[in-house]
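Architecture and fold: a report
What follows is each chain in one-letter form.
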Amino acid sequence: MAMEFRALLRDERRRAAEAATVSAPAPAPRPSTVATVSGHTLARAEPPPPLLALSARAPRRLSRTRALAAGPCDVLYDANFFEAHEERALRECVLHPAFADSWRQLRGRTLLNFGGEPTADGIALEPLPQFCAAVCDALVQTGIFPVDAPPNHVLINRYEPGQGLMPHQDGPLYEPLVAIVSLGGPAMLDFWESVAHSVRGRAEHGGALPAASYLCEPRSLLVFHGDAYARFFHGIAERTADPMHGAVANAHMLGDRAASAEGALALLRGERLSLTVRRVSVGGAASGSGTSASPGAGSNTDEPGPVPDVAHGR
Ligand SMILES: O=C(O)CCC(=O)C(=O)O
Ligand SMILES: [Fe+2]
């Protein structure tokens, strides 16, 4: 099954690459795929996405979320990392028709991958599209990522209400520092001590609570590193509303839009787009010299790898 899926993907990519390089006689006036940008095939008829201009950021410390007894303490949150107009512009880039063919349907979400495809040999880095590079720059300017080790990989997830992401760890392909940018509707990111804890927690009533949860509001930035990266498993439950339970570690830091949520019982989800921004680790970069990463581990694309993907606990 795993190999079938990989073979299918490979075949699809080969066909896309052939369409991009072989100038076949155009049979009909439908747009032919002729150009690739950052490894993504663009349709001739589509203009490239607009350039994303974000306001300059000053270096500053992000606020730490509440440290709960059982939860990680290496999680930072900013409810208003983007202005409303920046969110709209970023969303327009993400959903631009030029990338329409690059979205991949996974279990419970759709995914766009920029910066290079995670494979068993690591990630062969590719340049980021301009809008992703602009977000990475903003994270460097703020001081989240060091100037000399900027992020170079961006996964974009799109969730409908009711969809989610199984508890997983991001693994050794990346440096242990993650910035998650949220657009659209809110969703709760849960941190679990183990996958077993999360399975117990899935029981509708009386299930264990996550070690900590973080409401990711639209326009927000959530950063995690340290223990939160290395020890805990993070995921998004497949539900249409998120309960505001006692382990919501950023309940006191929410923006105006969700300020009332602190007193609310549950927050309704909407369509959510998230950008997971990271830096591929030295060991995770597939270089020409054949450097290889731990096979499959942490390639959080739901693509079955040669090693069971602990990243998704399934
Ligand atoms: O969508 C999110 O907020 C989480 C995404 C995530 O965990 C990942 O891409 O590894
Ligand atoms: Fe993740």
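Looking at an unreviewed UniProt entry, one finds the chain named Fe2OG dioxygenase domain-containing protein and attributed to Diacronema lutheri. According to its UniProt record, the chain has this under Sequence similarities (unreviewed entry): "Belongs to the alkB family." Under the heading Subcellular location (unreviewed entry), UniProt records this for the chain: "Nucleus".

With that settled, the discussion passes to the confidence of the model for the chain. Confidence in the prediction for the chain averages 81 pLDDT; 72% of positions are at 70 or higher. Residue range residues 288-314 is modelled with pLDDT below 50. Its contacts to residues more than four positions away, or to other chains, number 78 contacts. Among the scores for the predicted complex, ipTM is 0.99 and pTM is 0.80.

Next up on the list: the sheet that holds strand β18 (residues 272-278). In space, the 8 strands of this open sheet follow the order β3-β4-β14-β11-β18-β9-β6-β5, with antiparallel pairing throughout. The open sheet is flanked by β3 (63-64) and β5 (104-106), the only strands paired with a single partner. In terms of strand pairing, strand β6 (residues 109-114) meets strand β9 (residues 153-159) through 5 bridges, oriented antiparallel. By the bridge assignment for β9, L111 is matched with N157. Against the sheet, helix α2 (residues 84-94) makes contact with β6, β9, β11 (177-184) and β18, and its axis sits at roughly 95° relative to β11, the strand it touches most.

The tally for this structure, following the rule as stated, stands at 2 cavities of 30 Å³ or more. Elements supplying a minimum of two residues to the lining of the largest cavity: β9, β10 (165-168), β11, β15 (233-236) and β18. With 4 residues, the single largest contributor to the lining of the largest cavity is β18. Considered class by class, the residues forming the lining of the largest cavity number 9 nonpolar, 7 polar and 4 charged. Taken as a whole, the second largest cavity encloses approximately 40 Å³ of empty space.

Next up on the list: the coordination of the iron ion (ligand 2). Under perfect tetrahedral coordination by four donors, a metal shows angles of 109.5 degrees; under perfect octahedral coordination by six donors, it shows angles of 90 or 180 degrees. Donor atoms from the polypeptide that coordinate the iron ion (ligand 2) comprise H168 (NE2), D170 (OD) and H234 (NE2), at 2.0 to 2.2 Å from the metal. Written as a sequence motif, the donor residues of the iron ion (ligand 2) are H-x1-D-x63-H. You can see H168 sitting in strand β10 and its partner H234 sitting in strand β15, a full 66 residues away along the chain. The pair H168 / H234 is uniform in exposure class, with both members buried.

Procedures and definitions
- Going along each chain's sequence as written, the residues are numbered from 1 onward.
- Labels are handed out in written order, letters beginning with A for the chains and numbers beginning with 1 for the ligands.
- Restriction of local features to residues with pLDDT of at least 70 applies here, the model being predicted, together with a cutoff of 80 or more for giving and counting side-chain atom pairs; totals for whole chains, interfaces and linings are based on all residues.
- Neither water nor hydrogens contribute to the side-chain values; these are computed over all heavy atoms in the structure.
- UniProt positions are given in the numbering used here, feature names are shortened, and annotations may be inferred rather than shown by experiment.
- On a scale of 0 to 100, pLDDT captures the predictor's confidence in every residue.
- Residues count as neighbours in contact if any of their non-hydrogen atoms are within 4.5 Å of one another.
- For two strands to count as paired, DSSP must find a minimum of two bridges between them.
- Strands are runs of DSSP state E lasting at least two residues, helices are runs of H or I lasting at least four, and both sets are numbered from the N terminus onward.
- To get an axis, fit a line to the C-alpha atoms, keeping to the stretch in contact for a helix; angles then go from 0 to 180 degrees between the N-to-C directions.
- Residues are called lining when one of their atoms sits within 4 Å of a cavity or pocket point, these points coming from a 1 Å grid over the protein atoms alone, where a cavity is a set in which a 1.4 Å probe fits but cannot get out and a pocket is an open set with protein on both sides within 12 Å along at least five of seven lines.
- Grid points are joined across faces, edges and corners, and a volume is the space filled by probe spheres set on the points.
- Side-chain classes follow a simple rule in which Ala, Val, Leu, Ile, Met, Phe, Trp, Tyr, Cys and Pro form the nonpolar group, Asp, Glu, Lys and Arg form the charged group, and the remainder, Gly included, forms the polar group.
- Coordinating donors are taken as N, O and S atoms within 2.8 Å of the metal, stretched to 3.2 Å for Na, K and Ca; because water is absent from the atoms, sites can appear incomplete.
- Relative accessibility decides the category of a residue: with a 1.4 Å probe and only protein chains considered, values under 20% of the type maximum give buried, values over 50% give exposed, and everything between is partly exposed.

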